[in-house]
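Letter by letter, the chains look like this.
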Amino acid sequence: MWKRSVLINNKRSYTKLLISQNKLPPLLLPFNVYWSNPLIIPQHSRSYSKSYRRNKGITKNQKNDKPKKLTFTIPDYISVDKLSNLLNCRVQTVVKDLKNLGFKNITTDYIINKEYIELILQEYNFELPSSTSSITSANIYNKLKDPLNPKLLESRPPIVTIMGHVDHGKTTIIDYLQKSSVVSQEHGGITQHIGAFQVITPVSKKKITFLDTPGHAAFLKMRERGANITDIIVLVVSIEDSIMPQTKEAIKHIKASGNQLIVAITKIDKIGNVKEREKKIERITNDLIANEIMVEKIGGDVQVIPVSAKGGENMDLLEESIILLSDMMDIKTENSKNTMSEGFVIESEMKSAMGNVATILIRKGTLDNQSILLCGNTFCKVRSIMEGAEKKITKALPSQAVVVSGWKELPHVGDEFIQVKSEAIAKKYISKREALIEVEKNASRVEKLNEERYAESIRRKESKSKDDIDDIEDDDATDNAITGPKMVNFIIKADVSGSAEAIKESIQDLGNDEVQCCVISSSVGIPAESDLKMAEISNSEILCFNLENLPNDIINNKHGVVVKKFNVIYKLIEIVVETLENNMKKIFEKNIVATVDIKDIFEFTMKKKLVKIAGCKVSNGQITRNSKVQVIRGENKDVVYDGTLSSIKHGKDDISTASKGRECGITFNDNFEEFKAGDKIQVYEEVEVPRHL
Ligand SMILES: Nc1nc2c(ncn2[C@@H]2O[C@H](COP(=O)(O)OP(=O)(O)OP(=O)(O)O)[C@@H](O)[C@H]2O)c(=O)[nH]1
């Protein structure tokens, strides 16, 4: 939508300056960038808009410096057409202004999202309410989080993820750590697999939380979402293989995450010869340097520790290195009596005895039974907290991974949870988030719709030029896009997907050069609020097929959307065809209802002005004062006037009608006086001609 090239072509010095300085405002990024990274939209757009306007010298409403009050609620989406109504402006003016702002591919039915509506309203000098559009489904819960209180910070154990190439020995390291842990020795066995486990180091007796292999998956998922679950990464490299493709992949993630790193060179017991072993370690270290890992050898801070997870050689050193590094990192979190806990979901599953359970990793605060946790579109009233699969505990501390039951629905792996004060707050925020998700879903549908409409307009433009129609004068596709067949939009809702698909297939190609059927979406189920909103912004009718008991508030919805019900597919097609035909340009035929002969011309002076009157005789039918007429001349039946009558007179009197055989004097509107004796007046009615596809 926003194209750098367009702005450059328009020779806007400000934008060019930004481009040259690589400071193009986020506002001028492609639309999809905002949705993939919604956090960057709002803070920037308004201030950029202001500076953009300043630099651009937009003059709109300059005389009136005081911003205008908004008299309407800013919708989530609006078409350019409807926006122009709200702005009380000609649609073409709005289209032009949007183009000047850098929008491309604008049509009158182009749909603009709330963020851009706000921007445009600013351009039109409207006072905007305090923005809510910076809130997205991804960040809506942030405002429930309390900021960290530095006075309440205390150390927490480091959270460590182990990464590396397949078969390089990750699991063996984890197994060793679990077996050697003071905790597992105390409880006589390995802590059962829950995606994360905590060890107490044999030497310093400090805690480390390790994310197990699924933790690796969770790590990547969370990285995708910009969250950082881990403090330290241990990169495992086999002494036999050195750096392999997955090691490189892991290095890429490590660099992107900014996490601290320790490299463990494993399987050293496999190289018995000490010299050869040292040579191999040297080679791996050089390979790490070649991959831009700042190892201690070259003055960096990444420790490289050769270990044998099988024999246990140097494993204590690895653990103590992690402790040393975490001490240096001074890993702290808030954990007071009143701290609300926060963290991430590592795993979730449905267990027959316990219902929905999730393994969560606590990053902040202490988790208690009965706490309310909000996570994604679900929440949990903590029923039980388990350390591993068997040990019930009543509290879980920061950096601890525990299994929690009591979830209404399964939370998603990688989602962040936060503790809230009550179920009511959780429910309230979930419904707010769900509404935002709907808006965001619509955003991608809107984007698709805009793209489709533009593509369609281009296609039509091309076919027009093929037909050598050269009346397209504007070189900008934007303006051409306003012409072309009228798109008549439908949203299909059916009982089953087979029907929805069949209906779509049957109607989507209906149309001709003038009107075209456009299926915005087809899906199963009773129309939801989002369907109604989508129908409203896209001017669609909703076609319901085989949907019984449609609620009244859907049929008579507040959006004014037409919702039609069908049980027979051919009836539905018939109605779609009828709707398309009703949207075709109206054509009228002239039906002659009377003929009048002009016999003579009379001239009178009225109010010092010479007036010509046609002296006529009605040869058939009846002429009335409101009649539409054509004045016909000669053998060729040339139409010398097409319009309406100004007066019919009989003698000096005005009369309203004159029937067959009657003589009368006639004057015409539009100051038409070029009639001659011998001309014929044809009185006609306009009859609408039925249009068909
Ligand atoms: N001799 C020796 N063998 C090891 C050592 N570490 C791992 N192995 C062996 O190497 C093989 C692969 O080890 P895993 O721990 O399964 O490797 P992994 O990286 O977890 O493998 P994936 O989970 O498939 O990615 C197994 O046969 C291990 O017994 C070690 O320190 N010494």
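Residues numbered from 1 in each chain as written. Predicted model: local features only at pLDDT ≥ 70, side-chain atom pairs only at ≥ 80, totals over all residues. Heavy atoms only, no water.

1. Structural notes on a nonpolar patch on the surface
This is how it is decided: Exposure above 30% relative accessible area and no salt bridge define the residues that can form patches, which grow by joining like charges within 9 Å and nonpolar side chains of Val, Leu, Ile, Met, Phe, Trp and Tyr within 5 Å. Here, Shrake-Rupley sampling with a 1.4 Å probe gives the accessible areas, and only protein chains in the shown set may cover a residue. Any carboxyl oxygen of Asp or Glu that lies within 4 Å of a side-chain nitrogen of Lys or Arg is treated as forming a salt bridge with it. Numbering of helices and strands runs from the N terminus; a helix is a DSSP stretch of H or I covering at least four residues, while a strand is a stretch of E covering at least two. Partly exposed residues are those whose accessible area sits between 20% and 50% of the maximum for their type, while under 20% is buried and over 50% is exposed, using a 1.4 Å probe and protein chains only.
Taken together, the side chains of V568, I569 and Y570 make up a nonpolar region of the molecular surface, amounting to roughly 280 Å² of accessible area. The topology assignment puts I569 in helix α19 (residues 569-582). The class for I569 is partly exposed, based on a relative accessible area of 31%.

2. Quick notes on the environment of E434
Tracing the sequence through the fold places E434 in helix α14 (residues 423-466). By relative accessible area, E434 is classed as partly exposed at 38%. Separated by 58 residues in sequence, E434 and G376 have C-alpha atoms that sit 9.2 Å apart.

3. Notes on the site of the ligand
Threshold: The rule for a residue being near a molecule or strand is that one of its heavy atoms must lie within 4 Å of it. Within 3.5 Å is the distance limit for a polar contact, defined as a pair of N or O atoms, with the added protein rule that one can donate a hydrogen and the other accept it, and that residues adjacent in sequence qualify only through two side-chain atoms. By the convention adopted, Pro, Cys, Tyr, Trp, Phe, Met, Ile, Leu, Val and Ala count as nonpolar, Lys, Arg, Asp and Glu as charged, and the other residues, Gly among them, as polar.
Inspection of the region around the ligand gives 14 residues, with G169, K170, T171, T172 and D269 positioned closest. Taking G169, its main chain carries an N or O atom lying 2.9 Å from an oxygen atom of the ligand. One of the backbone N or O atoms of A309 is found 2.9 Å from an oxygen atom in the ligand. Contact with the protein chains removes 73% of the 640 Å² of surface that the ligand exposes when unbound. A breakdown of the residues in the shell around the ligand according to their chemical character gives 2 nonpolar, 6 polar and 6 charged.

4. Topic: the side chain of S341
Using the following cut-off: Residue contacts are defined here by distance: any two heavy atoms, one from each residue, within 4.5 Å place the two residues in contact.
Position of S341 among the secondary structure elements: in the loop between β10 (332-334) and β11 (342-351). For S341, a relative accessible area of 0% gives the class buried. Filtering out sequence-adjacent residues up to four positions away, S341 remains in contact with K364, G365, T366, L367, L373, F417, I418 and Q419.

5. Description of helix α17 (residues 529-538)
For α17, the tally of buried residues reaches 7 of 10 residues, placing the bulk of the element in the interior. The first or second residue beyond α17 is N539, which carries a positive phi of 55°.

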